[in-house]
Amino acid sequence: MSDPILLEPSNGGLVYLLRPGISAAAPSVMLLHGLSGDERVVWVLEDALPPGAMVIAPRGPFALPESGYSWVSPDRSGWPDGQAFAPAVEALVELVTRLEGRHGLDRGNLILLGFS
């Protein structure tokens, strides 16, 4: 398999690593990192992914002061509720839509995988 390519959209949106798929039959996989991670840490799961799958690993939209990224604003205090994730969810939906048009991603055959 080829090495993933770092993509930084010029019009905003999430930074992400993309490894194009080589099999149209394979599902696409989106790897989501946990708190203080980034788009590179989730590649430890690569050997467990479906062969030939397109793999996308986005970076959380919020930079943390110490290091890494988050899916919720670091300005929040306490445990985040569902609304705290709304901006990140919107950014992920936009990314999926962009990938459908540019890389042929099939959102009906997309696996979301993450850890924290």
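Presented here is an overview of the structure given in this document.

So, on to helix α1 (residues 86-103). For α1, which comprises 18 residues, the first-to-last C-alpha distance of 25 Å matches the rise-based estimate of 26 Å (1.5 Å per residue) to within 8%. Buried residues belonging to α1 abut β2 (16-19), β3 (28-32), β4 (55-58) and β7 (110-114). Residue glycine 104 follows α1 closely and has a positive phi angle near 75°.

Positive phi, normally seen in glycine, also occurs at serine 36, with a value near 70°. On the secondary structure map, serine 36 appears in the loop between β3 and β4.

It is worth spelling out the sheet that holds β3 at this point. Hydrogen bonds between backbone atoms are what pair the strands of a sheet, whose relative direction is either parallel or antiparallel. Strand order in the open sheet made by the five strands is β1-β2-β4-β3-β7, with mixed pairing throughout. Sheet topology places β1 (5-7) and β7 at the edges, where each strand pairs with a single neighbour. With direction set aside, neighbouring strand axes in the sheet form an average angle of 25°. Across three bridges, the pairing between β1 and β2 is antiparallel. Paired with isoleucine 5 across the bridge in β2 is leucine 18. Along the sheet, α1 makes contact with β1, β2, β3, β4 and β7, crossing β2 at roughly 35°.

Here is what the cut-offs are and how they apply
Throughout this document, residue positions are counted from 1 along each chain, in the order its sequence is written. For this predicted model, a pLDDT threshold of at least 70 governs which residues receive local features, and a threshold of 80 or more governs which side-chain atom pairs are given and counted, while totals over whole chains, interfaces and linings are taken from all residues. Each side-chain value is worked out from all heavy atoms of the structure, with water and hydrogens disregarded. Only DSSP runs of H or I with at least four residues qualify as helices, and only runs of E with at least two residues qualify as strands; both kinds are numbered from the N terminus onward. In a helix, the anticipated span is given by 1.5 Å times the number of residues less one. Residue contacts follow a heavy-atom distance rule, with two residues in contact if any of their heavy atoms lie within 4.5 Å. Strands qualify as paired when DSSP identifies two bridges or more between them. A fitted line through C-alpha atoms represents every axis, and for helices the fit uses only the stretch in contact; the resulting angles, taken between N-to-C directions, go from 0 to 180 degrees.

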